[in-house]
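Here is how the chains run, residue by residue.
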Amino acid sequence: MNCSKCGRQAVYFQRHAGRFLCKKHFVEDFERRIKFAIQKFKMIEKGDRIAIAMSGGKDSTTLAYVLNKLYGFRKDLEFFGITIDEGIEGYRPETIKVAKKVCNELGIEHVVVRFQDHFGMTLDEMVKIGERKPCTYCGVFRKYLLNKTSRDLGATKLATGHNLDDETQTILLNFLNADIERLARLIPQREQEGLVLRIKPFREIYEREVVVYGFLNELPLIFDECPYSELPVRAPVRDFIYEFERKYPGRKFSIMRSFEKLIPCLKQMYPQVDLNRCERCGEPTPRKICQACALIEELKSKNY
Ligand code: SF4
Ligand SMILES: [Zn+2]
Ligand SMILES: [Zn+2]
């Protein structure tokens, strides 16, 4: 098939726009849409020091590459990578190597932060001792360390590789669970004292496009799944959206637009609250003791 724009050989069929794109026009379109999303939500501003959450997986690798390509030349901006090593044997070491390699090649600083060093045990050990699901420990502790590390290293923003597929799944899942408060947490540019502002430059980009862009730029993409990955509730939602999108291309954008239309109401329903400081560790939390400290206490009580 030929590119709908220039007639050269196409590398991608963009279903939602009903057109074929050659390498040049695919890359142009991809980068234009990222810049547009970044401007729309003021994700990157003059003087920002941006931490990139780099798991070493396909999304974060591509994110680091494209941010560096589009903004790396700006003297007023700084980027660095943070990788959290949860301690998942047979999975994480390889992705850390990739994250390190990518940062090296891009010439950006790279920091690895370990569960073991901060919480005294790896995720593998937590899973053996504790009764909660691995993703519960992982999610709470990773979020905690990403925020703390990026803030301690002077970051003004924390960029993550969440793409359109991830975001629409989360939006729909929150609706299905009637968890509107959690839905409100997806509002872009929500500032909270002590929390580094999270930005998601791929929020308007299909997962497939992230992968294609990574391949076209010969990036080291890792597709291995975490051994603890179960996706019990998310899987049917993901499959439903996938099927719906297949029949009616562009529906993922519709889900995103519906959410954006609700933002003013969500802001009224859940106005910004001042966060407390955790009595144990001093990190921001809506409770007295943050979730990470509570979980650590629970794990330690089982261990001794
Ligand atoms: S699948 Fe769960 S345990 Fe594995 S990296 Fe993701 S959140 Fe962590
Ligand atoms: Zn073309
Ligand atoms: Zn705490």
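Residues numbered from 1 in each chain as written. Chains lettered and ligands numbered in written order. Predicted model: local features only at pLDDT ≥ 70, side-chain atom pairs only at ≥ 80, totals over all residues. Heavy atoms only, no water.

Concerning the coordination of the zinc ion (ligand 2)
Now for step 1: Within the protein, Cys3 (SG), Cys6 (SG), Cys22 (SG) and His25 (ND1) serve as the donor atoms for the zinc ion (ligand 2), at 2.0 to 2.3 Å.
Now for step 2: One can describe the donor arrangement at the zinc ion (ligand 2) as tetrahedral, given that its four donor atoms subtend angles of 101 to 114 degrees at the metal.
Now for step 3: Taken in chain order, the donor set of the zinc ion (ligand 2) reads C-x2-C-x15-C-x2-H. Placement of Cys6 in the segment before strand E1 (12-14) and of Cys22 in the loop between strand E2 (19-21) and helix H1 (23-40) is noted, with a sequence separation of 16 residues between them. (Donors = N, O, S within 2.8 Å, 3.2 Å for Na, K, Ca; no water. Tetrahedral: all angles 85-135°; square planar, octahedral: opposite > 155°, others 65-115°. Helix = DSSP H or I, 4+ residues; strand = E, 2+ residues; numbered from the N terminus.)

Describing the coordination of the zinc ion (ligand 3)
Now for step 1: Taken together, Cys278 (SG), Cys281 (SG), Cys290 (SG) and Cys293 (SG) make up the full set of protein donors to the zinc ion (ligand 3), lying 2.2 to 2.3 Å away.
Now for step 2: On the primary sequence, the residues serving as donors to the zinc ion (ligand 3) are separated as C-x2-C-x8-C-x2-C.
Now for step 3: Accessibility expressed as a relative area gives 4% for Cys278, which makes it buried. (Buried < 20%, exposed > 50% of the residue type's maximum accessible area, 1.4 Å probe, protein only.)

Quick look at helix H6 (residues 134-152)
Now for step 1: With 19 residues, H6 should cover 27 Å at 1.5 Å per step; its first-to-last C-alpha distance of 27 Å lies within 8% of that length.
Now for step 2: All of the buried residues in H6 are Pro134, Tyr137, Cys138, Val140, Phe141, Tyr144, Leu145, Leu146, Asn147, Thr149 and Ser150.
Now for step 3: Directly after H6, the chain includes Gly154, whose backbone phi takes a positive value near 80 degrees. (Expected span 1.5 Å × (residues − 1).)

What to know about the sheet that holds strand E5 (residues 109-114)
Now for step 1: The five strands are arranged E5-E4-E3-E6-E7 in an open sheet whose pairing can be described as parallel. A single partner strand is all that each edge strand has here, and the edge strands are E5 and strand E7 (197-199). Averaged over all pairs of adjacent strands, the angle between strand axes in this sheet comes to 30 degrees, irrespective of strand direction.
Now for step 2: As judged from the three bridges shared by strand E6 (residues 157-159) and E7, these two strands associate in the parallel manner. Its bridge partner being in E7, Ala159 is matched across the sheet by Ile199.
Now for step 3: The sheet strands contacting helix H2 (residues 58-71) are strand E3 (49-53), strand E4 (78-85) and E6, and the helix crosses E3 at an angle near 155 degrees.
Now for step 4: Across the face of the sheet, H6 comes into contact with E3, E4, E5, E6 and E7 while running at roughly 150 degrees to E4. (Pairing = 2+ DSSP bridges. Axes fitted to C-alpha atoms, helices over the stretch in contact; angles between N-to-C directions. Contact = heavy atoms within 4.5 Å.)

Quick notes on a positive patch on the surface
Now for step 1: Where like charges cluster on the molecular surface, the positive patch consists of Arg142, Lys143, Arg185, Arg198 and Arg287.
Now for step 2: Within the secondary structure, Lys143 sits in helix H6. (Patch = residues over 30% accessible without salt bridge, like charges linked within 9 Å, V, L, I, M, F, W, Y side chains within 5 Å. Areas by Shrake-Rupley, 256 points an atom, 1.4 Å probe, with all protein chains shown as cover. Salt bridge = Lys/Arg side-chain N within 4 Å of Asp/Glu carboxyl O. Lys, Arg positive; Asp, Glu negative; His and termini not counted. Charge placed at Lys NZ, Arg CZ, Asp CG, Glu CD.)

What to know about the environment of Tyr228
Now for step 1: Relative to the helices and strands, Tyr228 resides in the loop between helix H9 (207-216) and helix H10 (234-247).
Now for step 2: Between the alpha carbons of Tyr228 and Lys133 there is a distance of 8.7 Å; along the sequence they are 95 residues apart.
Now for step 3: Excluding residues within four positions of it along the chain, Tyr228 makes contact with Ile88, Leu123, Asp124, Val127, Pro134 and Cys135.

Section: the site of ligand 1
Now for step 1: Around ligand 1, the surrounding shell consists of Leu123, Cys135, Cys138, Arg142, Cys226, Tyr228 and Ser229.
Now for step 2: For the shell around ligand 1, the element with the highest residue contribution is H6, accounting for three residues.
Now for step 3: Residue composition of the shell around ligand 1, by class: five nonpolar, one polar and one charged. (Near = heavy atom within 4 Å. Nonpolar A, V, L, I, M, F, W, Y, C, P; charged D, E, K, R; others polar.)

Points about the packing of aromatic side chains
Now for step 1: As enumerated under the stated definition, the model contains 14 aromatic pairs in all.
Now for step 2: Among the aromatic residues, those joined into a ring-pair cluster are Tyr12, Phe26, Phe30, Tyr65, Phe202 and Tyr213. (Phe/Tyr/Trp six-rings, centres within 6.5 Å; stacked < 30°, edge-to-face > 60°.)

Let's talk about a nonpolar patch on the surface
Now for step 1: A grouping of Phe240, Phe244 and Tyr248 is seen on the molecular surface, where their side chains present a nonpolar patch of about 320 Å² in accessible area.
Now for step 2: Residue position: Tyr248 is located in the loop between H10 and helix H11 (251-269).
Now for step 3: We classify Tyr248 as partly exposed; its relative accessible area is 45%.

Remarks on the side chain of Asp59
Now for step 1: The residue Asp59 is located in helix H2 in this model.
Now for step 2: Here Asn163 takes part through its side chain, which lies 3.1 Å from a polar atom of the side chain of Asp59. (Polar contact = N/O pair within 3.5 Å; in protein donor to acceptor, adjacent residues only side chain to side chain.)

Here we look at the nonpolar core
The nonpolar side chains of a soluble globular protein tend to be buried with one another.
Now for step 1: Counting 37 residues, the largest nonpolar core has Phe26, Ile44 and Leu67 as the members making the most contacts within it.
Now for step 2: Only H1, E3, H2, helix H3 (92-106) and H9 provide two or more residues apiece to this core.
Now for step 3: If sequence neighbours within four positions are ignored, Ile44 has contacts with Ile38, Ile50, Leu67, Tyr71, Leu77, Lys157 and Ile199.
Now for step 4: Of all hydrophobic cores here, the second largest spans 32 residues; its members include Phe115, Met126, Cys138 and Leu299. (Core = buried A, V, L, I, M, F, W, Y, C linked by side-chain atoms within 4.5 Å.)

Observations concerning the packing of H2 against H3
Now for step 1: In contact at an axis separation of 10 Å, H2 and H3 are set at 10 degrees when each is read in the N-to-C sense. One finds that H2 runs roughly parallel with respect to H3. Two secondary-structure elements touch here, H2 through Thr61, Ala64, Tyr65 and Asn68 and H3 through Val98, Val102 and Leu106.
Now for step 2: Class assignment of the residues belonging to the contact of H2 with H3 gives a composition of five nonpolar, two polar and no charged. (Parallel < 35°, antiparallel > 145°, perpendicular 65-115°, else oblique.)

Description of unusual backbone geometry
Now for step 1: Phi is positive for Ala178, which is not a glycine, with a value near 55 degrees.
Now for step 2: Looking at where Ala178 falls in the secondary structure, it is placed in the loop between helix H7 (164-176) and helix H8 (180-184).
Now for step 3: Residue classification places Ala178 among the exposed residues on the basis of a relative accessible area of 62%.

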